[in-house]
Amino acid sequence: MPQQLDPLPDDWERALAVVAHPDDLEYGCAAAVAAWTDAGREVTYLMVTRGEAGIDTLDPARAARVREREQRDSAAVVGVTAVEFLDHPDGVVEYGTALRRDIAAAIRRHRPELLITLNPEDTWGGTYWNTPDHRAVGRAVLDAAGDAGNRWIFPDTEAKPWNGVRWVAVAGSDAPTHAVDVTGTLERGVQSLTRHRAYIEALTGEDPETYARNLLEGFARETAERFADRLAVPFRLYRR
Ligand SMILES: [Zn+2]
């Protein structure tokens, strides 16, 4: 029997999800976000880019507008109304102090106990090479959790230091430790991903809703094998 996953802690009130692109949270995470917002928790999305280099058939200026709209729609489906954009350039996000500072400033503004981000490793499951943006942003989020609490690091941000981040939960990890039951919210996760219609239509000939449902149900069923047969979204949890 594969190693079982623990339930993700739920004694928190505010989460901040920081990812590189519109759609990063919808490939799995969004169903968990719906479960949290249903339970009265506050979740904010912070996109490091507008995903403007993500659609081959649309020039970046137009793609940025389309993808921002799709991201706001898909967030609303899972109960998230606060969606912010840092406007780093899509595809060439640089890991470094500028990125850490922007993320630390957002953590100080929103004061989350839980940070969410996407796999910062070199690969997806050892099979597919990860993108430079995902690596840069994931690592910067893990680092900024500490930066935000240290008043001597980035002392000039508008908001005061916040040392209250207790966990960073990484989605899409090869080595998950925890999971969130999404039995009641998986369908909203599917609807949330389907909102990235222009992006998915450029990616595949499949109907966007069918594509989203097959993919997300497949992921959730795989995780159920390690979570007492409950449909679930896995995370690797780092404690602070
Ligand atoms: Zn991405």
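The paragraphs below set out a description of the structure included in this document. Residue indices follow the written sequence of each chain, beginning from 1 at its first position. Reporting in this predicted model follows two pLDDT cut-offs: at least 70 for local features of residues, and 80 or more for side-chain atom pairs to be given and counted; totals over whole chains, interfaces and linings ignore these cut-offs and use all residues. Only hydrogens and water are removed before side-chain values are computed, so all heavy atoms of the structure are retained for them.

Turning our eyes to something else, we now look at the overall build of the protein. Along the protein, the regular secondary structure elements total seven helices and 10 strands. Relative accessibility decides the category of a residue: with a 1.4 Å probe and only protein chains considered, values under 20% of the type maximum give buried, values over 50% give exposed, and everything between is partly exposed. Looking at the 240 residues of the protein, the share that counts as buried comes to 52%. We call two residues in contact whenever any of their non-hydrogen atoms come within 4.5 Å of each other. Partitioning the contacts of the protein with sequence separation of at least 6, the portion at a separation of at least 24 is 80%. Carbon and sulfur atoms form 48% of the exposed surface of the protein, whose accessible area is close to 11,100 Å². Only four residue types enter the charge count: Lys and Arg as positive, Asp and Glu as negative, with His and the chain ends excluded. A single reference atom marks each charge: NZ on Lys, CZ on Arg, CG on Asp, CD on Glu. Positive and negative charge centroids in the protein, built from 28 and 39 side chains respectively, lie 6 Å apart. What counts as a helix is a DSSP run of H or I of at least four residues, what counts as a strand is a run of E of at least two, and both are numbered from the N terminus. Accessible areas in this description were obtained via Shrake-Rupley with a 1.4 Å probe; residue shielding takes into account the shown protein chains only.

This next bit is on the coordination of the zinc ion. Protein ligation of the zinc ion involves His-21 (ND1), Asp-24 (OD) and His-134 (NE2), the donor distances falling in the range 2.0 to 2.1 Å. Distances decide who is a donor: an N, O or S atom must be within 2.8 Å of the metal, or within 3.2 Å for Na, K and Ca. Water is not included, so sites may look incomplete. Counting along the primary sequence, the residues that act as donors to the zinc ion give the motif H-x2-D-x109-H.

With five of five residues buried, strand β8 (residues 167-171) lies mostly within the body of the structure. Following DSSP output, two strands are said to pair if at least two bridges run between them. As paired strands, strand β5 (residues 114-118) and β8 are joined by five bridges and run parallel to one another. Opposite Ile-116, over in β8, you have Ala-169 as the bridge partner.

Before going further, it helps to examine helix α2 (residues 60-77). Working note: α-helix, 3.6 residues per turn, so residues spaced by three or four point in the same direction. Multiplying 1.5 Å by the helix residue count minus one yields the expected span of that helix. Relative to the 26 Å expected for 18 residues at 1.5 Å per residue, α2 spans 25 Å between its end C-alpha atoms, a close match to the ideal helical length. When α2 is considered as a whole, its buried residues turn out to be Ala-63, Ala-64, Val-66, Arg-67, Glu-70, Gln-71, Ser-74, Ala-75 and Val-77. Its buried side turned inward, α2 meets β3 (42-47), β4 (83-85), α5 (186-194) and α6 (197-203). Trailing α2 by a residue or two, Gly-79 shows a phi angle of about 85°, which is positive.

Taken in spatial order, the eight strands of this open sheet run β1-β9-β10-β8-β5-β2-β3-β4, and their pairing is mixed. The open sheet has two edge strands, β1 (6-7) and β4, and neither has a second partner. Note on method: axes are straight lines fitted to C-alpha atoms, helices fitted across the in-contact stretch only, with angles between N-to-C directions ranging 0 to 180 degrees. Packing of helix α3 (residues 97-110) onto the sheet brings it into contact with β2 (14-19), β3, β4 and β5, and relative to β2 it is tilted by some 160°. Across the sheet, helix α4 (residues 132-147) lies against β2, β5, β8 and β10 (232-239), angled at about 165° from β5, the strand it touches most.

What follows is about the pattern of salt bridges. By salt bridge we mean one thing: a side-chain nitrogen of Lys or Arg within 4 Å of a carboxyl oxygen of Asp or Glu. In total, this model carries 16 salt bridges according to the counting rule given. Where Arg-230 meets Asp-181, a salt bridge forms, and the shortest distance between an N and an O atom there is 2.7 Å. Taken as a pair, Arg-230 in the loop between α7 (208-224) and β10 and Asp-181 in strand β9 (residues 178-181) lie far apart in primary sequence, 49 residues in all. Bridged by salt links that share partners, the residues Glu-187, Glu-209, Arg-213, Glu-217 and Arg-221 form one connected network.

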